[in-house]
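# Descriptive structure summary
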Amino acid sequence: MRELIDLLEIKDPSFIKNMTMKELKELATQIRNFLIESLSKTGGHLSSNLGVVEITIAMYYVFDPEKDKFLFDVGHQSYVHKILTGRAKEFQSLRKFGGLSGYINKKESKYDIWESGHSSTTISAMAGMLIAQPEDKVVSLIGDSSIMNGVAFEGLNFLGSQNKLSPIIILNDNKMSISKSVGALSKALSRLRGTKLWRGLKRFLIFIFPNFICNFFHQLKRGIKGLIQQDNIFEDMGFDYYGPIKGNDLRSCIKALNRVKKNTGPVLIHILTQKGKGYLPSELDKEGDFHGVEPFDIQTGKPLKEPKLNQHSYSEIVANYLLHKRNEQSFFVVNPAMKIGAKMQKFAELYPSDFYDVGIAEEHAADMAAGMALCGKRVVLLYYSTFSQRAYDQILNDIARQNLPVIIGIDRAGVVGEDGPTHQGIYDISMFQSMPNMMIAMPKDPQDLIGIFNYAFTHDGPIVIRYPRKTVDIYFNTLDYTSILYPSYETLVEGQHLCVISYGPDIIRILKLVQEYNLNVSVVDARYIRPLDRAFLKRAFTKFSTLLVIEQVIRSGSLYQMIVDYANQQSSPIKVKSISFQPDLILPHGKIEEVLNEYGLSDEDILNAIKGQL
């Protein structure tokens with residue numbers, strides 16, 4: 001019996017091939033304990049990774065990672081993969097600036113094949129890989145909620161018709177995305193799972209019979225079933241379906257993968273796993289609280305840093321506002337698998353007929369909201385900034401072009417921190433600015449957020465309201481829920497030598513810098529980014545020689561660019577300067593302050609820029 005593997009000393013996954021079943025099970029226990037211990041200190045995606053320990057080990061045991069390709073959909077369930085490919089020693093830097101990414105990152109390892117920060121992309125990617133190199137083995141591990149997305153189904157539709165290609169799709173069915181899976185396909189998967197008695201009988205038969213007999217009965221079952229019924233959606237789409245398999249049992253996973261390894265056509269393995277397996281608080285979590293965690297106490301499962309009673313995120317503030325507003329008037333709320341992240345649990349509980357979580361289906365959410373608005377109903381469509389990008393065409397053509405009164409809440413706007421490049425909210429202004437009829441706003445504080453939302457409920461057209469991934473000290477009962485902020489800029493302080501324009505919470509730190517250093521400049525809150533406050537800008541063009549526009553977005557399509565265009569239209573000689581991000585810049589993961597400091601938007605950078613213009 002060999003000694004336990006030192007996870008920190010792993011250099012590549014070759015060691016797995018020579019391990020016994022008992023050693024593999026001990027390895028799974030080691031990895032699970034390591035993840036719990038490590039993530040309790042750093043935070044990260046906990047429950048999803050605890051659920052895929054056995055299947056990931058089985059993938060490395062059965063296939064050859066030196067030539068076979070492993071795709072993880074979504075990339076946040078790749079922590080076990082990172083450990084097996086020699087990165088356990090870097091986990092103390094997980095999601096920290098300059099440290100280990102929480103997602104697949106091709107710069108980190110040759111084993112990181114597909115950078116999947118968003119869900120449902122790997123099936124189409126594997127189609128391209130297999131067409132380019134049909135002799136390869138490509139394996140995609142995809143969650144039950146990710147496979148419900150339309151992009152995934154487009155890939156399934158294509159691959160199911162390609163009998164000469166041999167994709168291997170592992171469907172990780174844990175009945176959860178971030179929170180509980182929703183929709184008709186979720187119910188279809190429930191039917192495929194069958195009863196516990198039937199699943200137990202199947203596992204027993206697979207255990208006692210060798211592979212060639214199991215394969216014979218599998219094909220016989222398909223033939224008989226095809227004569228009398230067709231109720232397996234994956235078989236109907238052209239996939240050889242295996243399952244359901246007990247996904248937290250190593251022996252079952254290895255046997256299933258060995259059975260399909262030599263398949264010459266499309267195959268889908270349906271595995272049942274327990275999200276959060278091995279850590280009781282995570283196993284018992286049905287709401288999604290342990291999907292992504294901050295550092296926590298292992299004994300209790302509670303965060304090490306408990307928020308103060310009066311400390312609330314902008315997501316909470318929006319959710320609280322919508323509860324107040326719902327007491328006054330009826331409206332719908334639509335969101336794609338964001339009920340927990342958007343803090344909408346209470347709204348959903350109190351008004352279940354007005355709240356719709358449509359799952360990971362951003363495009364569908366936009367068109368559904370458009371349909372509601374077209375029938376004269378008020379609707380609030382909630383996205384994270386990064387996820388709204390997936391619905392560009394639907395928002396453009398079906399909401400903006402038709403000038404429908406949809407209120408689009410854009411959470412996590414600006415730099416978002418630890419989730420990194422695929423989740424940075426720095427592109428949405430450029431996206432929405434390209435759309436007709438679209439109004440764009442961002443409040444500097446919770447009170448302005450309420451004022452802008454109240455205006456949005458009176459606005460006869462589409463409006464985007466951005467808010468950051470940020471917490472503030474606020475008591476809800478101190479807010480004025482009747483205030484309305486109409487479209488205009490607000491001059492927060494008057495000065496003579498320079499006009500600084502910004503929006504969102506950045507305007508507050510700019511104001512503090514100007515007051516602290518007694519700078520003779522005007523500070524203007526462009527809380528309505530689009531349309532421009534042309535009356536203010538015409539006055540500013542005659543009063544100042546320079547405007548300095550500061551914003552946490554890419555420069556292309558930014559407020560800065562809109563002001564430059566307007567200055568050119570007015571033939572104004574004014575100089576317009578910008579502090580923002582270059583269009584070709586890819587922001588890394590790390591704390592928000594660290595990213596801002598590194599890329600020119602720290603307090604010091606802003607202060608030096610203002611002084612430089614003076």
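Structure: above.
Attention now moves to the sheet that holds strand β20 (residues 546-554). Taken in spatial order, the five strands make up an open sheet running β16-β18-β17-β20-β21, and their pairing is mixed. Each end of this open sheet is capped by a strand with a single partner; those strands are β16 (490-493) and β21 (575-581). Looking at each pair of strands side by side, their axes are set apart by 25° on average, direction ignored. With three bridges connecting them, strand β17 (residues 499-502) and β20 associate as parallel partners. Paired with Cys499 across the two strands is Leu547, which belongs to β20.

What follows deals with helix α24 (residues 603-613). Among the residues of α24, Ile606, Leu607, Ala609 and Ile610 are the ones counted as buried. Taken end-on, α24 shows its buried residues confined to a sector of 160°, consistent with a single buried face. Residues Glu604 and Gly612 are exposed on α24 and point more than 90 degrees away from its buried face. Packing partners of the buried residues in α24 comprise β17, α20 (506-516), β20 and β21.

In this section: α20. Within α20, burial applies to Asp506, Ile507, Arg509, Ile510, Leu511, Leu513 and Val514. Tucked inside the fold, the buried residues of α20 contact β16, β17, β18 (522-525), β20, α23 (592-598) and α24. With its phi angle positive at about 50°, Asn518 sits one or two positions after the end of α20.

Once that is clear, we can look at the sheet that holds strand β19 (residues 528-530). A sheet is described by the order of its strands in space; here seven strands give the open sequence β10-β9-β11-β12-β14-β13-β19, paired in mixed fashion. What marks the edges here is a single partner per strand, and that holds for β10 (355-357) and β19. Looking at each pair of strands side by side, their axes are set apart by 20° on average, direction ignored. In the sheet, strand β11 (residues 379-384) pairs with strand β12 (residues 406-411) via six bridges, with the strands oriented parallel. Across the sheet, Val379 pairs through a bridge with Val406, a residue of β12.

Before going further, it helps to spend a moment on a positive patch on the surface. Where like charges cluster on the molecular surface, the positive patch consists of Lys17, Lys67, Lys261 and Lys262. Tracing the chain through its elements places Lys67 in the loop between α3 (53-62) and β2 (69-73).

At a minimum axis distance of 10 Å, the contact between helix α1 (residues 21-42) and helix α11 (residues 250-260) shows a crossing angle of 115°. It follows that α1 is roughly perpendicular to α11 by the angle criterion. Residues Met21, Leu24, Lys25 and Ala28 of α1 lie in contact with α11, whose contacting residues are Leu250, Arg251 and Ile254. Taken together, the residues of the contact of α1 with α11 break down into five nonpolar, no polar and two charged.

For the pair helix α13 (residues 314-328) and helix α19 (residues 446-456), interaxial distance at closest approach is 11 Å and the crossing angle is 45°. In terms of axis orientation, α13 runs oblique to α19. The hand of the α13/α19 crossing is right-handed. Contact residues: α13 offers Tyr314, Ile317, Val318, Tyr321 and Lys325, while α19 offers Pro446, Leu449, Ile450, Phe453 and Asn454. Classifying every residue of the contact of α13 with α19 gives eight nonpolar, one polar and one charged.

The rules behind these values
- Residues numbered from 1 in each chain as written.
- Predicted model: local features only at pLDDT ≥ 70, side-chain atom pairs only at ≥ 80, totals over all residues.
- Heavy atoms only, no water.
- Pairing = 2+ DSSP bridges.
- Helix = DSSP H or I, 4+ residues; strand = E, 2+ residues; numbered from the N terminus.
- Axes fitted to C-alpha atoms, helices over the stretch in contact; angles between N-to-C directions.
- Buried < 20%, exposed > 50% of the residue type's maximum accessible area, 1.4 Å probe, protein only.
- Arc of directions from axis to C-beta.
- Contact = heavy atoms within 4.5 Å.
- Patch = residues over 30% accessible without salt bridge, like charges linked within 9 Å, V, L, I, M, F, W, Y side chains within 5 Å.
- Areas by Shrake-Rupley, 256 points an atom, 1.4 Å probe, with all protein chains shown as cover.
- Salt bridge = Lys/Arg side-chain N within 4 Å of Asp/Glu carboxyl O.
- Lys, Arg positive; Asp, Glu negative; His and termini not counted.
- Charge placed at Lys NZ, Arg CZ, Asp CG, Glu CD.
- Parallel < 35°, antiparallel > 145°, perpendicular 65-115°, else oblique.
- Nonpolar A, V, L, I, M, F, W, Y, C, P; charged D, E, K, R; others polar.
- Left-handed = near helix turned anticlockwise from the far one by under 90°.

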